[in-house]
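# Understanding the architecture of this molecule
Here is what each chain is made of, one letter per residue.
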Amino acid sequence: MNVQRIRLIVQFISFVVLTYGGLFYIDMGNRMPTFSCAFVDDNGGSCFLVGFQHMLARPFSEFWGDAGIRLLKVLGVVSLWAIVLNKAWCGWICPFGFVQDLLTKLRNLISIDMSRFAWMTRTRYKSVKYILLALLILIPLGIGNAMLGMPKLSRDWSAPFCQMCPARVLMPILNGDFSEIYIDFSSGPGMFLTTAAIVLSGLFFTTAFVKRRFLCSYCPMLALLSLFDKIGFTTLRKDGQRCTRCGNCSRACPMEIREIEEEKTMSNLVTQDCILCMRCVDVCPEDEALQIRFLNMPVYTATEKGFLQRQSGSSKEQVESEITKHD
Amino acid sequence: MTEQTKKLTKRERLANKVKVNLAMSVREIMDQINDQGNRPENMAYFDRIFETFEHGGEGTVQPRKGEKIIGTYCLFVPEELIYATGARPVRLCSGAYESVEIGEDYLPEGACPMVKSEIGFSALPVLSFFHQCEMLVMPASCDWKVKMAEILSEFAPVHMMDMPRVKEEESSRAFWLEEVKRFIKRLEKVTGVRITRRRLKQSIQMIQRAQVEFHRFHRIRKATPPVITGRDALEVMNAYFYDHVEDWTAAVSKLNDELEERIRNQVQVARVGAARIMLTGSPMVFPNWKVPTIIEEMDGVLVADEFCTSNRYLNDMVAVDEGTMSDMVHAIADRYLLPSTCPIFSNSVDRKDRLLQLIDDYQVEGVIYHILKGCHPYDVETKIIEKLMEGKGVPMLKIETDYSPQDVEQLRTRIEAFQETLKGRRG
């Protein structure tokens, strides 16, 4: 079976479990490194960022006690999740990513052409996700502590990322809850952050008809997970000599990663923006040029025959039979 | 008036002379090919195509009903697009010695024999399919081709496709994509057919099917001992120039079936212990069978090649991603530019890796690097490849030659010595 189909099924299952799992008493905890929003009432497990940001909003001295241990526990659980599944959280589990993929399917159906960033633009905005990650740690710390000679930030800044996250606005809608669509006029920071959330939600829909996984490029969760790229269990290997640099991989990549095509020497190509969707392996025509490994065991390998089969598609069984006939 | 008739007859006399000479040398080569013995039966289909060269190219290209012929001069011309308009691409790269002299009236002495030969056939009515083309498509790949377009425009409308040389860069890719789009517009105008999403998808799949058979054929060539000679393999690939892709696919499919049968029955075409040679360098087009013939007559076997007229021609495939019109056009542009191992590009990394991979896959013992006199891109790269082979520990023989039969004996001595050395190395 086609890996992309398997991925779609896995995404669908995890979407259902994470968005509606609560209805069936499923609870996978609230320490997950993925955008299964905690504001979704019936969630079957949620994003760790809400709790994490609240935990950070206390004086440094308190971290030497219970609070510190609780924080370490959260980080421990998240790290473990991140090491075992690394970027598969983005490409295979994230419900928010799944909805973006569905919108891309809709775009293809009505045959709207995709647009690509200029290489320069793409490179320039790569740091945004790390800045967001830093801010979602620093701002809560600034609430509990006077840092850098500034006074303590007001409580209106609490859980700043959640306030601006488009998943908070959009995902509850799938639970029939429209109450997160608002702009908080009660305070300056609140107004700023919730307006950002509304704008990003709008972008979520509009960009889906122009690009693939637009918001993922700026996701601080991706930045966080990318810290585990080198030690994660899943790796993406490349055999440089077999690579013809045909560019299929980078053209098919929803994250517009160029390294996958350009690199001939780097062995592990799970780069910072990689979401392990494995599209690159799908379209690689060279035997064993690309390979996904889990704990160093080959899971999915690029093959010429596989490529031909996928390219011919189901509409032309002729090619498939031609390939298999002579196997 | 009398002046003109006189000129015309002179031209015709010349054409007839070339025709007769060509027929003679083609006959000779076909005889040599048939001397190989133990040839696959299904090679007859391909032999027929080349035998037509004896009769002025009558029937070399058999256009289907209403099919317009578009002549192409390089492997950079996206044939998917031509088929999508219902026209038929015919690659006019030529290997005939007989027309070189005519080409010398148009090009300097130092030009490579291939362009001279091509211009010769355009200038004189020798091979009919050269004169049936609705349009000629010329990618500005090497310097000779750049000027050739202007010369050829005397004989037929020429569409020039500009080529970037630094294919890694964003600007080059964008530029090439625009060139491909410009080609689409010109094609649509010439053929009067609009390339729709459906038509393009069909033609992409049609060529993909040919490539499936091509890749199968090349997997079969990995068999040791080989079940098909290098000359036959070159012939099969060369036939793609003139044949309709569907007919070619069907014929290669039959041939592949036969060859697989041969593997099972352990039929061999070369002596066990023959030196395993890879041939690469300047393009090699029928009837320029000089070098492969010598290699295989001197107890060598041509197990692999890396030519734009053979292995490189169909190796890379269009990979459709989203399937929208712009995605398919983008995929086509990428397929022709990015994986190309042509030495006109600034970076030879891809070519080097490809050669190393072929050496590994086909257990190559020695490489013969073929340079046509005047073929600068390959000439420039010789040192780089020499160094690469030294590092790999594979001996390499560089031969510089042209289409003339004068140096056959000298080449024979050198190639024989080289192949003996290879066998001596086995220890």
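A separate point is the sheet that holds strand 2 (residues 88-91) of chain B. Residue and element names in this part refer to chain B. Here four strands make up an open sheet; going across it, the order is 2-1-3-4 and the pairing parallel. Every other strand in the sheet has two partners, leaving strand 2 and strand 4 (158-161) as the edge strands with one partner each. On average, each strand axis in the sheet is tilted by 25° relative to the strand beside it, whichever way the strands run. Two strands pair when backbone bridges link them, and strand 3 (residues 133-139) and strand 4 are joined in this way by four bridges, in the parallel orientation. Bridging from a neighbouring strand, Val137 pairs with His159 of strand 4. Lying over the sheet, helix 6 (residues 143-152) contacts strand 3 and strand 4, oriented at roughly 155° with respect to strand 3.

With respect to the helices and strands, Lys126(A) occurs in the loop between helix 6 (119-124) and helix 7 (128-144). According to the relative accessible area criterion, Lys126(A) is buried, its value standing at 18%.

Next up on the list: the domain arrangement of chain A. All names here are of chain A. What the domain assignment reports for chain A is domain 1 (3-224) and domain 2 (233-325). Measuring from the centre of the C-alpha atoms in domain 1 to the corresponding centre in domain 2 gives 29 Å. Listed per partner, the contact involves 27 residues of domain 1 and 25 residues of domain 2. For the domain 1 and domain 2 pair, buried surface summed over both sides reaches about 2200 Å², with 48% attributable to carbon and sulfur atoms. Contact with domain 2 buries surface across domain 1, with Lys87, Arg122 and Arg212 losing the most and accounting together for 24% of the total. Remark: the boundary between domain 1 and domain 2 carries four salt bridges. Among the ionic pairs, Lys129 bridges to Asp273, the shortest N-O distance being 2.9 Å.

Now for the nonpolar core. Across soluble globular proteins, you tend to see nonpolar side chains buried next to one another. Counting 150 residues, the largest nonpolar core has Tyr242(B) and Trp248(B) as the members making the most contacts within it. The dominant element in this core, judged by the number of residues it contributes, is helix 8 (residues 197-220) of chain B, at eight residues. In terms of nonpolar packing, the next biggest core, distinct from the first, is built from 76 residues, Phe48(A), Val99(A), Leu133(A) and Cys219(A) among them.

Looking now at empty space enclosed by the protein. Left-over empty space is what a probe sized like a water molecule reveals as it rolls over the atoms. All names here are of chain B. Under the criterion given, the structure shown has twelve cavities of 30 Å³ or more. By volume, the largest cavity is sized at about 220 Å³. Broken down by secondary-structure element, the contributors of at least two residues to the lining of the largest cavity are helix 5 (113-123), helix 6 and helix 15 (376-392). Tallied by class, residues from the lining of the largest cavity come to 16 nonpolar, one polar and three charged.

Turning our eyes to something else, we now look at the sheet that holds strand 1 (residues 234-238) of chain A. Residue and element names in this part refer to chain A. If you walk across this open sheet you meet the three strands as 1-2-3, and the pairing is antiparallel. Looking at the sheet topology across the chains shown, the edges are occupied by strand 1 and strand 3 (297-301). The mean inter-strand angle of the sheet, taken between neighbouring strand axes irrespective of direction, is 35°. As judged from the four bridges shared by strand 2 (residues 290-294) and strand 3, these two strands associate in the antiparallel manner. The residue of strand 3 that forms the bridge with Gln291 is Thr301.

On the side of chain B, 40 residues touch chain A, which itself brings 39 residues to the contact. Of the roughly 3400 Å² buried between chain A and chain B, counting both surfaces, carbon and sulfur atoms make up 42%. The largest share of the area that chain A buries against chain B comes from Trp119(A), Gln241(A) and Arg251(A), three residues that together contribute 20% of it. Between the two partners, chain A and chain B, sit eleven salt bridges. Put simply, Glu261(A) and Arg173(B) hold a salt bridge, and the shortest N to O gap is 2.5 Å. Across the contact surface, chain A and chain B share 21 residue pairs in polar contact (both at pLDDT 80 or more). Contributions of two or more residues to the side of chain A that touches chain B are made by helix 5 (95-109), helix 12 (248-252), helix 15 (304-312) and helix 16 (317-325) of chain A. Counting residues per element, the side of chain A that touches chain B draws most heavily on helix 15 of chain A, which supplies six residues. Class assignment of the residues belonging to the side of chain A that touches chain B gives a composition of eleven nonpolar, 13 polar and 15 charged.

Once that is clear, we can look at the layout of surface pockets. Of the volumes computed, that of the largest pocket is approximately 1500 Å³. The wall of the largest pocket is formed by 42 residues, among which Asn2(A), Gln4(A), Lys105(A), Arg279(A) and Asp321(B) lie closest to the centre. For the lining of the largest pocket, the secondary structure elements donating two or more residues are helix 1 (3-20), helix 5, helix 14 (279-282) and helix 15 of chain A together with helix 8 of chain B. Tallying contributions element by element places helix 1 of chain A first for the lining of the largest pocket, with six residues.

The rules we used
- Residues numbered from 1 in each chain as written.
- Chains lettered and ligands numbered in written order.
- Predicted model: local features only at pLDDT ≥ 70, side-chain atom pairs only at ≥ 80, totals over all residues.
- Heavy atoms only, no water.
- Pairing = 2+ DSSP bridges.
- Helix = DSSP H or I, 4+ residues; strand = E, 2+ residues; numbered from the N terminus.
- Axes fitted to C-alpha atoms, helices over the stretch in contact; angles between N-to-C directions.
- Contact = heavy atoms within 4.5 Å.
- Buried < 20%, exposed > 50% of the residue type's maximum accessible area, 1.4 Å probe, protein only.
- Domains from an automatic or database assignment.
- Buried area = accessible area lost by both parts, 1.4 Å probe.
- Salt bridge = Lys/Arg side-chain N within 4 Å of Asp/Glu carboxyl O.
- Core = buried A, V, L, I, M, F, W, Y, C linked by side-chain atoms within 4.5 Å.
- 1 Å grid on protein atoms, 1.4 Å probe; cavity = no way out; pocket = protein on both sides within 12 Å on 5 of 7 lines; lining within 4 Å.
- Points joined across faces, edges and corners; volume = space filled by probe spheres on them.
- Nonpolar A, V, L, I, M, F, W, Y, C, P; charged D, E, K, R; others polar.
- Polar contact = N/O pair within 3.5 Å; in protein donor to acceptor, adjacent residues only side chain to side chain.

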